[in-house]
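# Structure assessment
Here's the letter readout for the chains.
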Amino acid sequence: MWIDNLKVGTAFSDVAGADTSPLISAIPSQSTPMNTPVGPIGFTVQDGETIPATGLTVSSNSSNPLLVPHANIALDSIADTGGTNRTVTVTPAAGQQGQATVMLMVSDGVNASSTSFQVIVGAPTISTIPNQITSINTPTPAIPFTVTDAEGDSLVLSSNSSNPTL
């Protein structure tokens, strides 16, 4: 109900309206060699009340600023008319290895939402090893795989089983 240009109700939503939080798409974990940027990585933002989406503000944060300084997270808009499509480029600090969680927040000025993703810098890689099937009391043949490390770090291989009895 309106009384002298003042909206009156019994619940907050009666007077505030149905202002919903903006949406931001998920970004999968990223892995990169040391001294190598990640991206640009595409993501989308949208909001039912903020049209075009160019009115939405996106900000960022790093859980490990020694590895990924806040200033090294570059946000950009793709040249689309609605402002929905955005990108992020993450540049690790020189000579650093490790992992950080990068959080992206989108705000419409009233409500906010966020998404986060892992950035792994300098991790070794191992090739895919397919599932193996063998008969009882018969070992599998040798299973080839490769391990690489772009930084040339010394690597130690280990193994374990989810079912040691087997």
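What this report covers is the structure whose coordinates are included nearby. Please read all numbers here as calculations on a predicted model, not as lab measurements.

### A short note on the nonpolar core
- By size, the foremost hydrophobic cluster in this structure holds 21 residues, and its most contacted members are Phe 43, Val 88, Val 102, Leu 104 and Phe 117.
- For this core, the secondary-structure elements that each account for two or more residues are strand 5 (38–46), strand 8 (85–90), strand 9 (98–107) and strand 10 (112–121).
- Residues in contact with Phe 117, not counting those within four places in the same chain, are Ile 27, Pro 28, Gln 30, Ile 41, Val 88, Val 90, Ala 100, Thr 101, Val 102 and Leu 104.

### Topic: a nonpolar patch on the surface
- A cluster of nonpolar side chains, namely Ile 126, Ile 129, Ile 143, Phe 145 and Leu 157, defines an oily patch on the protein surface of about 450 Å² accessible area.
- Mapping Phe 145 onto the fold places it in the loop between strand 11 (125–126) and strand 12 (147–148).

### A word on unusual backbone geometry
- Geometrically, the link from Gly 39 to Pro 40 is a cis peptide bond, its omega value of 10 degrees lying close to zero.
- Looking at where Pro 40 falls in the secondary structure, it is placed in strand 5.
- Even without being a glycine, Asn 35 presents a positive backbone phi close to 65 degrees.
- By the element assignment, Asn 35 lies in the loop between strand 4 (30–32) and strand 5.
- At Asn 137, a residue that is not glycine, the phi angle is positive and equals roughly 60 degrees.
- Checked against the element boundaries, Asn 137 lands in the loop between strand 11 and strand 12.
- In this structure Asn 137 comes out as exposed when scored by relative accessible area, which is 77%.

What counts and what doesn't
- Residues numbered from 1 in each chain as written.
- Predicted model: local features only at pLDDT ≥ 70, side-chain atom pairs only at ≥ 80, totals over all residues.
- Heavy atoms only, no water.
- Core = buried A, V, L, I, M, F, W, Y, C linked by side-chain atoms within 4.5 Å.
- Buried < 20%, exposed > 50% of the residue type's maximum accessible area, 1.4 Å probe, protein only.
- Helix = DSSP H or I, 4+ residues; strand = E, 2+ residues; numbered from the N terminus.
- Contact = heavy atoms within 4.5 Å.
- Patch = residues over 30% accessible without salt bridge, like charges linked within 9 Å, V, L, I, M, F, W, Y side chains within 5 Å.
- Areas by Shrake-Rupley, 256 points an atom, 1.4 Å probe, with all protein chains shown as cover.
- Salt bridge = Lys/Arg side-chain N within 4 Å of Asp/Glu carboxyl O.

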